[in-house]
Amino acid sequence: MTTRHAIAAHLKEARDAVGLTQASVAEALGLHRPAVSEIEAGRRAVSSEELYRLAGLYGRTVAELLEGSAVTEVEQALFRADTVVDPAARVAVLAFAERCRTARALEAMLGGRRAQGGPRAGAHEASPPRSPADAVRDGERAAARERVRLGLGSEPVRDPVAVVEAQGLHVDSLDTDAPIDGVYFSTHRLGPCVGINPARDRWTGYRTSFTVAHEYGHWLFGDIRAEVGADTLRFTTDLREIRANAFAAAFLLPRDGVMRYFAGADLLDDAGRLTTLNPAIVVRAMQHFGVSRQALLVRLVALGLVDRAVCDRPGIRDFALRPVADALGLTLAVEHRLGARFADLVARAWAGDHITTGRAAGLLGLGIEAFRERMAALGVAHTPAEDDDGLLVR
C-alpha cells in the first residue's frame, strides 16, 4: 500500500514538473498555502476530492499521483508497440509530452478553456473506409465541411498551425535530429497534441502545413490515438492514413480554389485540364497555397488536372526550387510561430505569480535576464511575490 509520505513525494514531483508554486496550487484548490506544504511534507492527508483536482491540474491520472508510475498515457500509446525505436526520438517525444502537460496545467491554472463551439474529437466520425476510393472520398468531404464551418471559403489557409490551435489542439515544436517529421497523440489528460520537427522542414515550412492538417484530420475522424510520422505523404496502404492525407490535401488545396487559381492564370483548357506544367507554374502555385511541391503535384493528379506521368518527369519532380523562386522574385516560406501559444501561457502565468521567474525562463529556454528583457519588450507587467521558501522571486 502506498504510504502518505510516498504520495506526498509524488505530488511534489508532479507540481515541480509543471512549474507551479504551492501558493498557486493552494489558490486553485481553495486552500491556504501552508495546507499544500503540509500535504507535500506528508504531515497532512490529501482528500479524495483534492487528489482528483490535483490530477487535473497536473495533467496526471490519480493512479500516477498515488503510485508515481513512470508509464504515462503517452508512453503507453506510443511506445508499447515499439513505434518509436530511435533513442533520441524517444527522448524528444517525452520532452514534448512534458511540454504539453505543462501547457495544459497552465491552462487550468489560468482558467483558460479550450475552443468553445469548435469541433470535438471524432466530429467527422465515419464508418471505416473499405477501399482507397472510400478513404479519399471521406477525407475530401470532411475537409469541405470543415472549411465551411471555419468560414474559409476556397481561399488558401495562410497559417494552418494557428487555425488548428484555435480548435483546441496543442501544436508545438518537437526538437530532435532524429528522422521523424512529428508526433501526434490524444489522451484523456492532455487532449490532442501535435509535435512538429522543424529540422525536417528544410526551408519553406510547407511540409509542416501538411503534417498539421494531416494530424488534424486524424483527430476529427477520431481514428487513432497516436502516431509518429516519418513522412506523411509517403505511399501507404493504411486506409486511415490515406483518408488523413486526402483530408489534408483538400483542406489546403480545395478543388474550387485550385480551379479558380489556374483558370485565372489562363492555364486551363476547355476540359478543365492544365495546358502546360513547368517549374515556374509549380513554384507560383506552391507559394500561393503554401504547400510543398509533393503535396501540390499529388493534388493536381487527384483533381484530374494533369497526368501522373507529367508530374513524374525529372524537370518537374526534382528541379531546384530556390533558383526558380529567386528568378520569380518569390519567397517560399511560411512562419508558423510554433510554440507562440505556449510562450503566451508562460508569460501570463509568470505575470500572475503562478510560476517563478526561474521556472518561466526555463520553460522558454532562456536565461533569467533574457527572459526579463523579453517580458519588458512585450510590456508584460510583474510584481515580485514570495516563492515557496518565503523569499522574493529573483
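Presented here is an overview of the structure given in this document. Please read all numbers here as calculations on a predicted model, not as lab measurements.

### What to know about the overall build of the protein
Helices and strands together make up the secondary structure of the protein, namely 20 helices and four strands. The proportion of buried residues among the 394 residues of the protein is 49%. Excluding contacts between residues fewer than 6 apart, the proportion of contacts in the protein whose partners are at least 24 apart in sequence is 68%. Carbon and sulfur atoms form 51% of the exposed surface of the protein, whose accessible area is close to 18500 Å².

### Let's talk about the environment of Ala14
Its location among the elements puts Ala14 in helix H1 (residues 4-18). Taking the C-alpha atoms as reference points, Ala14 and Ala55, 41 residues apart in sequence, are found 8.9 Å from one another. In this structure Ala14 touches Tyr58, Arg60 and Leu65, once residues within four positions along its chain are discounted.

### Overview of H1
End to end, H1 covers 22 Å across 15 residues, agreeing with the expected 21 Å (1.5 Å per residue, within 8%). Within the span of H1, buried status applies to Ile7, Ala8, His10, Leu11, Ala14, Arg15, Ala17 and Val18. Remark: Gly19 follows H1 within two positions and exhibits a positive phi of approximately 75 degrees.

### Digging into the nonpolar core
Ranked by size, the top nonpolar core spans 58 residues in total, and within it Phe262, Leu274, Leu277 and Leu300 carry the most contacts. The element contributing the most residues to this core is helix H10 (residues 206-221), with eight residues. If near-sequence neighbours (up to four positions away) are discounted, Leu274 is found in contact with Phe262, Leu267, Leu268, Leu300, Leu305 and Val306. In terms of nonpolar packing, the next biggest core, distinct from the first, is built from 34 residues, Ile7, Ala105, Ala360 and Leu363 among them.

### Some thoughts on the pairing of strand E3 (residues 191-196)
Most of E3 sits inside the fold, with six of its six residues counted as buried. Where strand E1 (residues 170-173) lies against E3, four bridges are found, and the strand directions are parallel. If you follow His170 over to E3, its bridge partner there is Cys193. Relative to E3, strand E2 (residues 182-187) is paired through six bridges, and the arrangement is antiparallel. Considered in E3, the bridge of Ser186 is made with Pro192. Hairpin connection from E2 to E3: three residues lie between these consecutive antiparallel strands.

### Here we look at the pattern of salt bridges
Where side chains of opposite charge bring their charged atoms close, a pairing between them can arise. Here the structure, examined in full by the defined rule, presents 18 salt bridges. Among the salt bridges present, the one from Asp223 reaches Arg243, with a minimum N-O distance of 3.4 Å. With Asp223 in the loop between H10 and strand E4 (226-229) and Arg243 in helix H11 (residues 239-252), the pair connects residues that are 20 residues apart, well separated along the chain. Overall, Asp223 belongs to the buried group, its relative accessible area being 16%. Note on Arg243: relative accessible area 3%, which makes it buried. For Asp318, the salt bridge is made with Arg317, and the minimal N-O distance between the two is 4.0 Å. Overall, Arg317 belongs to the partly exposed group, its relative accessible area being 43%. A single salt-bridge network, built from bridges that share partners, covers Lys12, Arg15, Asp16 and Glu40.

Conventions we followed
- Residues numbered from 1 in each chain as written.
- Predicted model: local features only at pLDDT ≥ 70, side-chain atom pairs only at ≥ 80, totals over all residues.
- Heavy atoms only, no water.
- Helix = DSSP H or I, 4+ residues; strand = E, 2+ residues; numbered from the N terminus.
- Buried < 20%, exposed > 50% of the residue type's maximum accessible area, 1.4 Å probe, protein only.
- Contact = heavy atoms within 4.5 Å.
- Areas by Shrake-Rupley, 256 points an atom, 1.4 Å probe, with all protein chains shown as cover.
- Expected span 1.5 Å × (residues − 1).
- Core = buried A, V, L, I, M, F, W, Y, C linked by side-chain atoms within 4.5 Å.
- Pairing = 2+ DSSP bridges.
- Salt bridge = Lys/Arg side-chain N within 4 Å of Asp/Glu carboxyl O.

Such coordinate-based values are descriptive only and should not be taken to indicate function.
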